[in-house]
Amino acid sequence: MLSRLTRPQALAVYALPVVALIATAVFAPLPFSLAQPGLTANVLGENQGTPVITISGAKTRATSGELRMTTIEATSPDTHVSLGDVVSAWFATDRTVLPRDSVYPSGDSTQQIEEHNRAQMKESQDAATQAALDYLHLSDSKIKVTLKLADVGGPSAGLLFTLGIIDKLDGNGSGGDLTGGRTIAGTGTISDTGTVGAVGGVALKTQAARRDGATVFLVPRAECSDAKAELPKGLRLVPVKTLDGAVKALVSLETGKGSVPSC
């Protein structure tokens, strides 16, 4: 003979699977990475005691001001990210939630991911060197450019590497600095033909830039709206699509002549 459950008893029994599901959802690992503003580095200076840009085969010039490449700092590919972590980051202005596959190639081991990022950085450095020398109409057979930036991978420093090479070789083309003595930060990939590409994470990178003293931030034009989302006070956005446009914008900022694009 079966006894009938009271209403409270029935509710308790039926609630158990629901509670179990909620607990599983809260604590189960999710396919996301959490990101926050990362380090910045002045490509005109040194990183961990080594010059970021070294040029031989051509006369270089002393520079003032800074050109700061920016990064985001994401959780490692094997980090356990739970629903609670995602909800907490969702409401924070200095953190963001990104699909894991947008940060790390799907299915790769940590070692493979690191190798992939190093390869992307090398390709970015080669493209930056080619774009800068082509812009200055210099032969790459005579000039050797070495770029070193420890603990950073990926292609997003390409634009800043290129501008740094140009500043060290030619400045603004009229004897002055490309930076105008300012602390300029930015992000963007670069092709060997001088096209600036989008990178992601720009809202966090603007925060890193302002934290480290930048007053101007070069952003790929396609990412203007993202960059404006959490824009820190005192940081001016300058959208760019090409290397030529980026140089012209910086020269206009320094001289006060010509127009400077805005988002």
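Source: prediction; values computed, not measured.

Undergrad: Would you take a moment to explain the overall build of the chain for this structure?
TA: Across its full length, the chain carries eight helices and 12 strands. Within the span of the chain, comprising 263 residues, buried residues form 41% of the whole. Across the chain, every contact between residues at least 6 apart in sequence was considered, and the portion connecting residues at least 24 apart equals 75%. Element-wise, carbon and sulfur atoms account for 54% of the exposed surface of the chain, whose accessible area totals about 13800 Å².

Undergrad: Before we go on, may I ask you to explain the packing of helix α5 (residues 158-169) against helix α8 (residues 243-255) in this structure?
TA: The axes of two packed helices give the description: the angle between them and the distance between them. Running from N to C, α5 and α8 point in directions that differ by 60°, and their axes come no closer than 11 Å. When the axis of α5 is compared with that of α8, the two are oblique. Between α5 and α8 the crossing geometry is right-handed. Residues Leu-159, Thr-162, Leu-163 and Ile-166 of α5 form the contact with α8, whose participating residues are Leu-243, Ala-246, Val-247 and Leu-250. A breakdown of the residues in the contact of α5 with α8 according to their chemical character gives seven nonpolar, one polar and no charged.

Undergrad: Sorry, what's going on with the packing of helix α4 (residues 110-135) against α5 here?
TA: In contact at an axis separation of 8 Å, α4 and α5 are set at 40° when each is read in the N-to-C sense. With respect to α5, the element α4 is oriented oblique. Here α4 and α5 pass one another in a crossing that is right-handed. Between α4 and α5, the residues in contact are Met-121, Ser-124, Gln-125, Ala-128, Thr-129, Ala-131, Ala-132, Leu-133 and Tyr-135 and Gly-158, Phe-161, Thr-162, Ile-165, Ile-166 and Leu-169, respectively. By residue class, the composition of the contact of α4 with α5 is 10 nonpolar, five polar and no charged.

Undergrad: I tried to follow the environment of Arg-236 on my own but got confused; where do I start?
TA: With respect to the helices and strands, Arg-236 occurs in strand β12 (residues 236-240). Residue Arg-236 is classed as partly exposed on the basis of its relative accessible area of 42%. C-alpha separation for the pair Arg-236 and Leu-218, spaced 18 residues apart in sequence, amounts to 8.6 Å. Beyond its immediate sequence surroundings of up to four residues, Arg-236 is in contact with Thr-215, Val-216, Phe-217, Leu-253 and Val-260.

Undergrad: Is there a simple way to explain the sheet that holds strand β1 (residues 32-42) in this structure?
TA: Note on sheets: strands pair through backbone hydrogen bonds, and any given pair is parallel or antiparallel. Strand order in the open sheet formed by six strands is β6-β1-β5-β8-β11-β12, and the pairing between neighbours is mixed. Bordering the open sheet on either side are β6 (96-99) and β12, each of which pairs with just one other strand. Within this sheet the neighbouring strands show an average axis-to-axis angle of 35°, counted without direction. Looking at chain direction, β1 and strand β5 (residues 66-74) are connected through six bridges and run antiparallel. Across the sheet, Ala-41 pairs through a bridge with Met-69, a residue of β5. Here helix α6 (residues 202-211) sits on the sheet in contact with β1, β5, β6, β8 (183-186), β11 (216-220) and β12, set at roughly 35° to β1. α8 rests against β8, β11 and β12 of the sheet, and its axis sits at about 145° to β12.

Undergrad: Please clarify how the confidence of the model for the chain should be interpreted in this entry.
TA: Parts of the model with low pLDDT should not have their predicted coordinates read in detail. Taken residue by residue, the chain gives an average pLDDT of 85. The fraction at 70 or more is 86%. Predicted confidence for residues 9-27 stays below pLDDT 50, and this span has eight contacts to residues more than four positions away or in other chains.

Conventions and cut-offs
- What you see as residue numbers is a count from 1 along each chain, following the sequence as written.
- For this predicted model, a pLDDT threshold of at least 70 governs which residues receive local features, and a threshold of 80 or more governs which side-chain atom pairs are given and counted, while totals over whole chains, interfaces and linings are taken from all residues.
- For the side-chain quantities, the full set of heavy atoms in the structure was used; hydrogens and water were omitted.
- Only DSSP runs of H or I with at least four residues qualify as helices, and only runs of E with at least two residues qualify as strands; both kinds are numbered from the N terminus onward.
- Relative accessibility under 20% of the residue-type maximum defines a buried residue, over 50% an exposed one, and the middle range a partly exposed one, all with a 1.4 Å probe and only protein chains included.
- It only takes one pair of heavy atoms within 4.5 Å for two residues to be counted as in contact.
- Per-residue and other accessible areas follow the Shrake-Rupley method at a 1.4 Å probe size, with only the shown protein chains counted as cover for residues.
- Only C-alpha atoms enter the line fits that serve as axes; for helices the fit covers just the stretch in contact. Angles between N-to-C directions range over 0 to 180 degrees.
- These descriptions rest on fixed angle ranges, namely under 35 degrees for roughly parallel, over 145 for roughly antiparallel, 65 to 115 for roughly perpendicular, and the rest for oblique.
- Should the near helix be turned anticlockwise from the far one by less than a right angle, the crossing is left-handed, and should it be turned clockwise, the crossing is right-handed.
- Ten residue types, Ala, Val, Leu, Ile, Met, Phe, Trp, Tyr, Cys and Pro, are classed as nonpolar, four, Asp, Glu, Lys and Arg, as charged, and the remainder, Gly among them, as polar.
- When DSSP finds at least two bridges between two strands, those strands are taken to pair.
- Within a predicted model, pLDDT stands for the predictor's per-residue confidence, ranging from 0 to 100.

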